[in-house]
Amino acid sequence: MVSTKSDITHGQYLAEIEVSILNRADSPSDVALFEVEDTNGDQFVVGGVADRVNSLAIEETYRIEHGLGIDVGFDAQEAFPDQFKKAASHDCPECGSELTFEPGVESVPNPVGRALDQQGRNGLHLVITEESELQRLSDRDDWRPFRESKRGPRTPPNQYRCTECSLSIPEGELDRYLAHGGRPVDEHADDAAAVESVMNNASESLGMATGGAKDVDNFRDNISEGYLPGEDALSTEGLFYDYYFDTGDNRDDKDSLFYPSYRTAVTNHPLTDRTEHYLTVGLNSTIGVEDFERRQLNLVAVLDVSGSMGSQFDQYYYDESGQRRSVDSPSSETKMAAATDSLAALTTHLEPDDRFGVVLYNSQDHIAKPLSLVGETDMDAIRGHIRDVTAGGGTNMSAGLETAIDLLGEHEAADATQVENRIVFLTDMMPNTGATGRNTITATVEEAATRGIHTTFIGMGLDENPDLAESLSKIRGANHYFVHSDTEFKQRLDDEFEYMVTPLVFDLQLELDGDVDIDAIYGSPNADRSAGKIMSVSTLFPSPTTDGKTRGGVILLRLDGSPSEAMDLVASWEEIDGTIESDRVHISADAESPEYFETSGIKKAVCLARYASTLQDWITAVRSTDDWIPMDGQRQGQWERDSEPLHVPGQYREKFRTIQAYIDETADDIDDELRQEVSLLDTLIEHQSQRPEHDLSEQAVDRLGDLVELAPTSNGELAEAWGVKTGAEVHAYLESELEGYYRRDENHMLRPTEDAIALVQIQP
């Protein structure tokens, strides 16, 4: 869209504008000024040094690209009052001197500014500079030749600058700088308290948490927006990472980087009343907070710029049986905007001796920034380029991945104790071109991990595919986050960036030496790799601790029955330097009766595991009721997701009420934070699905329920369920009363339609 006079901003370049030359104005010999009119009929002045604009002809029309805005009366303090006030109320986080605010405006050529001022030309005008391009337009030929995309000039960013040491801080980064060393002027009196706080924290150790999912925000956000979450959107390791756990830590004389601790519980399940025996593995470390320092980073960011990234966060890009939904009135920011802002925020955590590169991909891959030292890079310019990226095209995820691995390949021989080679992948996880198979993409990430190249996946948008994310985040050194906005991403990074990129322990194995097996595992992405008496976890990352409790710091095992005698727990793991460590602990058989919990940590873990299992059962049951595959029509790719409306069958409402009461009681006992799960269950219990319009009798709805429950079924089976004598009677009833609510598949078996399933599911 061509700009007009109203789009001109002082000190900023305008992408393009079309103007008609009206007259040449009086001006000094070294400056040329022209009165012009835009496509709206608004008039202003275009000027420049004489040799740049003398060629403009009266009564001709021109396209001006990258003209520079000018307002002779511009007053920075008037334009940015809040920023100047903020600068005056803080001091430099490096040297303590005064800060000043510098608006991000480009300098206008002095001769042009003076000429406009002398003529009393108030308001906004445009200057032709060396960066500008002019193209004469005519009725005979308005063809625009194809040329390689040329990035326009960039104006300086708004920034705060120290008046003494010249420290430059981008406008949006001041609060982070102050939090990590600076301080408001009016808080100087609190120096002693701040020092005391640091000393108190310095004595605390970090804990550890598993890799894999680090949140369940995709699950929560889908429910909040009225969508049914994906089956893998709720992982127990992601849920556990929302909470802090008492791990039962008993350091004693431990000297290895990591060491496990164990606690037991015996408890009856609130839904089944079955007695269950549990064991937690506490994930502890000997690293003090003050001793932790992340390794040097070789970091390649891979940014998905495919078409689906241009859609809004609270909508599904592929919807309605594979048809792309048009977005008429966007209700939230796009995934692309959040991804680029999030990536720009990530770069502020890099140090001069880190290396940073960027790969963009849609149908093809493109190295936007080679891997190079941060200290030798204009990172402000790089952040600007990142924010300029737009979305469009297919999604060749494998191409972007392989290119990033190639960039890091020359550094794979680096000492793993000193250097971390990591890919940060920002995507909505919907590959549709290139290698799209789960096994192929997973194999690529796994092969890179064997070379010491690890991957963090940042999921963007409600329609992010959690199934693929869950598979990839199980791999050695991998983890997965979901973010809804750049603000959320910044908050996460400010606290945990160093932890996110620093795996410390690999291949944790726990073996139960006794007469009982492991029945289920919660809090580990690798639960499916564990069996019998063995538990396996691919990666442990450092995790913050508060008041002796660790975020996500436990793995929960449900035992297959009660041990009849004592058992030994034998753990082994590989530390970051390649050292293999092991630990053997003797645990007596449970002599306690329900409800026994050795610590509050295991009680919280059991509560969350039961909550997650109940919700996972609900999602699986609802999603498995419709397995119809259309013969014709557009088919989606394997990972391109339709939305499915939230619906809660009546039988699950009762289960949710029981689990809700159980969680509420546990929250009273140990952790009020659990009430967020109580609130989520409220949403599900109170949710009323839109009832499909129908004129069926009560008997017809009941019989339709039998068809849904038994499908695929036959006339004879339904005759028995309905209490009629023959299949012929069933056939007659279907045709007369249930026409449009059933179909027959290729084997002539009866199956319900989507309307039938929806109608049955919302019955009270």
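The numbers attached to residues start from 1 for each chain and follow its sequence in the written order. Since the coordinates come from a predicted model, pLDDT governs what is reported: local features require at least 70, and pairs of side-chain atoms require 80 or more to be given and counted, while whole-chain, interface and lining totals use all residues. Neither water nor hydrogens contribute to the side-chain values; these are computed over all heavy atoms in the structure.

Q: Would you mind going over the overall build of the protein with me for this structure?
A: When helices and strands are tallied, the protein shows 21 helices and 33 strands. Three exposure classes are used, based on accessible area relative to the maximum for each residue type with a 1.4 Å probe and protein chains only: buried under 20%, partly exposed in between, and exposed over 50%. The 764 residues of the protein split such that 51% are buried. By definition in these notes, contact holds between two residues if any of their heavy atoms fall within 4.5 Å. Partitioning the intrachain contacts of the protein with sequence separation of at least 6 by distance along the chain shows that 75% fall at a separation of at least 24. Roughly 34,500 Å² of accessible area belongs to the protein as shown, and the carbon and sulfur atoms make up 43% of that amount. The numbering of helices and of strands both runs from the N terminus, where a helix is a DSSP run of H or I of at least 4 residues and a strand a run of E of at least 2. Surface exposure here means Shrake-Rupley accessible area, sampled with a 1.4 Å probe, where a residue is shielded only by the protein chains that are shown.

Q: How do you make sense of the pairing of strand β18 (residues 355-361) when you look at a structure like this?
A: Note on strand geometry: in a regular strand, side chains alternate between the two faces of the sheet. Burial within β18 is extensive, with six of its seven residues counted as buried. Strands qualify as paired when DSSP identifies two bridges or more between them. Bridge analysis of strand β15 (residues 296-304) against β18 gives seven bridges, and the strand direction is parallel. Bridge assignment links A301 to a residue of β18, and that residue is V358. Examined bridge by bridge, β18 and strand β19 (residues 365-373) share six bridges and lie antiparallel to one another. Paired with Y361 across the strands is D365, a residue of β19.

Q: Please clarify how the packing of helix α7 (residues 217-224) against helix α17 (residues 675-686) should be interpreted in this entry.
A: Helices that pack against each other are described as a pair by the angle of their axes relative to one another and the distance between those axes. Contact geometry of α7 with α17 gives a least axis separation of 10 Å together with a crossing angle of 40°. Between α7 and α17 the crossing geometry is left-handed. Between α7 and α17, the contacting residues are F219, R220 and I223 on the first element and Q676, E677, L680, T683 and L684 on the second. Between the N-to-C directions of two axes lies an angle of 0 to 180 degrees, each axis being a line fitted to C-alpha atoms and, for a helix, fitted only over the stretch in contact. A crossing counts as left-handed when the near helix is turned anticlockwise from the far one by less than a right angle, and as right-handed when that turn is clockwise.

Q: Can you help me understand helix α20 (residues 727-737) in this one?
A: At 3.6 residues per turn, the α-helix brings residues three or four places apart onto the same side. Taken together, the buried positions of α20 are V730, Y733 and L734. Within α20, the buried residues cover an arc of 100° as seen down the axis, which keeps them to one side. Turned more than 90 degrees away from the buried face of α20, the exposed residues are A728 and S736. Directions are taken from the helix axis to each C-beta atom, and the arc is the one they span.

Q: Would you take a moment to explain the sheet that holds strand β12 (residues 244-245) for this structure?
A: Strand pairing in a sheet is mediated by backbone hydrogen bonds. Such pairs are either parallel or antiparallel. What the three strands build is an open sheet, ordered β12-β27-β26; its pairing is antiparallel. The open sheet terminates on both sides in strands that have one partner only, identified here as β12 and β26 (545-546). Two strands pair when backbone bridges link them, and β26 and strand β27 (residues 549-551) are joined in this way by two bridges, in the antiparallel orientation. Each residue of the ladder has a partner; that of T546, found in β27, is K549.

Q: Help me out: how do you make sense of the sheet that holds β18 in this one?
A: Strand order in the open sheet formed by seven strands is β11-β22-β21-β20-β15-β18-β19, and the pairing between neighbours is mixed. A single partner strand is all that each edge strand has here, and the edge strands are β11 (212-213) and β19. Across eight bridges, the pairing between β15 and strand β20 (residues 419-427) is parallel. Paired with L303 across the strands is L426, a residue of β20. On top of the sheet, helix α9 (residues 335-347) reaches β15, β18, β20 and β21 (453-460); it is set at about 170° to β15, its chief contact.

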